[in-house]
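# Results of the structural survey
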Amino acid sequence: MIRNRIAALAATAVAASLLLTACNATDEAASAAKDGVGTALQSLHFNSGTAKQNHAPAKTGDWATGAGKPAATPAAKKWVQLSASKAGDLNPVVVNGAGFTLYRFDKDTANPSKSNCNDACATTWPPVVVAPGGKIFIDGVAKSDVGVVKRADGNLQVTVGGWPVYRFSKDLKPGDTNGQGVGGTWFGVTPDGKKAGVQDQGQGGTGGTGGTGGTGTGTAASTSVVLSDETNFGDPSEGLAGSGCQNVARDDSASSLRASGTLKIWSEKNCKGESKVVQGDIADLASIGFDNKISSVFLG
């Protein structure tokens with residue numbers, strides 16, 4: 001009996017030791033990964049001002065892909081630039097050293113920072129990656145809001161407000177914002193990591209009241225909409241979210257829309273001109289006389 005108890009206690013002690021070892025190994029691996037990013041961040045050089053002000057060599061860094069060329073397959077650069085600027089209707093929004101709009105992805109996470117855009121996604125949305133020991137020029141963006149995260153491919157991706165940032169392959173010239181609202185998950189990134197062009201919830205008019213700009217219906221107002229250039233919700237598309245009047249990036253191009261409630265669509269920017277209250281998905285806007293006519297929407 002005593003021998004059996006001693007054997008049982010010994011087995012329990014061994015199991016506990018193995019469990020503790022496994023836990024310690026996991027903790028050490030997580031700590032090493034965190035330290036690896038921390039070390040990489042410490043190796044980067046932050047310079048105030050633009051690349052031009054810092055005399056960066058031509059055809060390097062963000063200048064390697066010139067205007068009129070699509071965003072290239074992700075390649076770590078010796079320098080990247082983060083500037084608070086204006087692009088299209090987005091103000092403020094972060095642009096790179098060549099003036100191209102930078103975006104964030106709703107399916108990523110900011111705390112902890114993690115990119116979930118890989119493979120084909122990363123071809124359409126090339127991540128902003130910087131080489132270890134490289135430079136980040138910050139112009140109107142707080143250094144405390146800038147960081148990096150290690151991607152699945154091992155590259156260091158730049159983050160703003162914790163959010164990994166990307167370019168859009170269909171933005172072909174500085175100031176383009178063709179990626180704004182795509183799929184309802186891609187938005188320009190503000191200097192503090194928020195979604196550019198998306199108003200805070202609770203601002204603007206409200207549906208159900210019949211007040212200025214509101215939908216004036218008793219049905220729940222939609223706080224988001226995806227506008228598609230083709231009928232039956234085909235691509236390309238752009239999404240808008242928030243509350244109040246929202247101008248679309250590509251006006252007069254929508255042929256169908258998806259929404260979870262009611263919203264008001266307008267033929268001119270700033271919720272002016274001809275308008276119509278709609279509810280839910282509309283596969284063909286021609287059926288309500290609004291094909292290629294939407295310039296703004298009222299949400300919330």
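Reference entry: report on the structure contained in this document.

The rules behind these values
- Residues numbered from 1 in each chain as written.
- Predicted model: local features only at pLDDT ≥ 70, side-chain atom pairs only at ≥ 80, totals over all residues.
- Heavy atoms only, no water.
- Pairing = 2+ DSSP bridges.
- Helix = DSSP H or I, 4+ residues; strand = E, 2+ residues; numbered from the N terminus.
- Axes fitted to C-alpha atoms, helices over the stretch in contact; angles between N-to-C directions.
- Core = buried A, V, L, I, M, F, W, Y, C linked by side-chain atoms within 4.5 Å.
- Buried < 20%, exposed > 50% of the residue type's maximum accessible area, 1.4 Å probe, protein only.
- Contact = heavy atoms within 4.5 Å.
- Phe/Tyr/Trp six-rings, centres within 6.5 Å; stacked < 30°, edge-to-face > 60°.
- Lys NZ or Arg CZ within 6 Å of the ring centre and 35° of its normal.
- Disulfide = S-S within 2.5 Å.
- Polar contact = N/O pair within 3.5 Å; in protein donor to acceptor, adjacent residues only side chain to side chain.
- Salt bridge = Lys/Arg side-chain N within 4 Å of Asp/Glu carboxyl O.

### Quick look at the sheet that holds strand S18 (residues 296-299)
Read across the sheet, four strands follow the order S14-S18-S16-S17 without closing on themselves; strand pairing throughout is antiparallel. Because the sheet does not close on itself, it has two edges, and the strands there are strand S14 (244-247) and strand S17 (272-279). When strand polarity is set aside, the average angle formed by the axes of neighbouring strands in this sheet is 25°. Note: S14 against S18, four bridges, orientation antiparallel. Opposite Gln-246, over in S18, you have Val-297 as the bridge partner.

### Focus: the nonpolar core
Counting residues in hydrophobic clusters, the biggest one holds 18 residues, and the most contacted among them are Leu-82, Leu-102, Ile-136, Val-146, Val-158 and Val-165. Elements with a minimum of two residues in this core: strand S2 (77-87), strand S7 (129-139), strand S8 (146-150) and strand S9 (156-160). Leaving out residues up to four positions away in the same chain, Val-146 has contacts with Phe-46, Leu-82, Ile-136, Ile-138, Val-141, Val-158 and Thr-159.

### Description of the packing of aromatic side chains
Summed over the entire model, instances satisfying the criterion amount to eight aromatic pairs. Through successive ring pairs, a cluster of aromatic residues spans Tyr-103, Phe-105, Trp-125, Tyr-166, Phe-168 and Trp-186. When the ring centre of Phe-100 is taken as origin, the NZ or CZ atom of Arg-167, which lies over that ring, is 3.8 Å away. Sitting over the ring of Phe-233, Arg-258 keeps its end group 3.7 Å from the ring centre.

### Considering the sheet that holds strand S13 (residues 237-241)
One open sheet holds the three strands; their spatial order is S13-S12-S15, and the pairing between them is antiparallel. Strands at the two margins of the open sheet, each flanked by one partner only, are S13 and strand S15 (256-259). Between one strand axis and the next, the sheet turns through 20° on average, direction left out of account. With five bridges connecting them, strand S12 (residues 224-228) and S13 associate as antiparallel partners.

### Notes on the pairing of S12
Relative to S15, S12 is paired through four bridges, and the arrangement is antiparallel. From the neighbouring strand, Val-225 faces S15, where its bridge partner is Ala-259.

### Thoughts on the state of the cysteines
A complete count under the given rule lists two disulfides for this structure. Cys-117 shares a disulfide with Cys-121; S-S distance 1.9 Å. Sign of the S-S torsion, about -110° for the bond between Cys-117 and Cys-121, identifies this disulfide as left-handed. Of the residues examined, Cys-117 reaches a relative accessible area of 0% and is grouped as buried. A residue is classified by how much of its surface remains accessible, and Cys-121, at 22% relative accessible area, is partly exposed. Disulfide pairing is shown between Cys-245 and Cys-271; the S-S distance is 2.2 Å. Where Cys-245 bonds to Cys-271 through sulfur, the torsion about that S-S bond is close to 110°, and the disulfide is right-handed. Residue Cys-245 is located in strand S14, and its partner Cys-271 is located in the loop between strand S16 (262-268) and S17; the two are separated by 26 residues in the primary sequence. Judged by its relative accessible area of 24%, Cys-245 is partly exposed.

### A few points about the environment of Asp-108
Relative to the helices and strands, Asp-108 is located in the loop between strand S4 (103-105) and strand S5 (109-110). Sequence-distant contacts of Asp-108, that is, excluding residues within four places in its chain, are made with Lys-114, Ser-115, Asn-116, Cys-117, Trp-163, Pro-164 and Tyr-166. A distance of 2.6 Å separates a polar side-chain atom of Asp-108 from the backbone nitrogen of Asn-116.

### A word on the pattern of salt bridges
Within this structure, the stated rule accounts for ten salt bridges. Among the ionic pairs, Asp-62 bridges to Lys-77, the shortest N-O distance being 3.7 Å. Taken together, the residues span a long stretch of sequence, with Asp-62 in the loop between strand S1 (45-48) and S2 and Lys-77 in strand S2 at a distance of 15 residues. Classification of Asp-62 as buried rests on a relative accessible area of 3%. Residue classification places Lys-77 among the partly exposed positions, given a relative accessible area of 25%.

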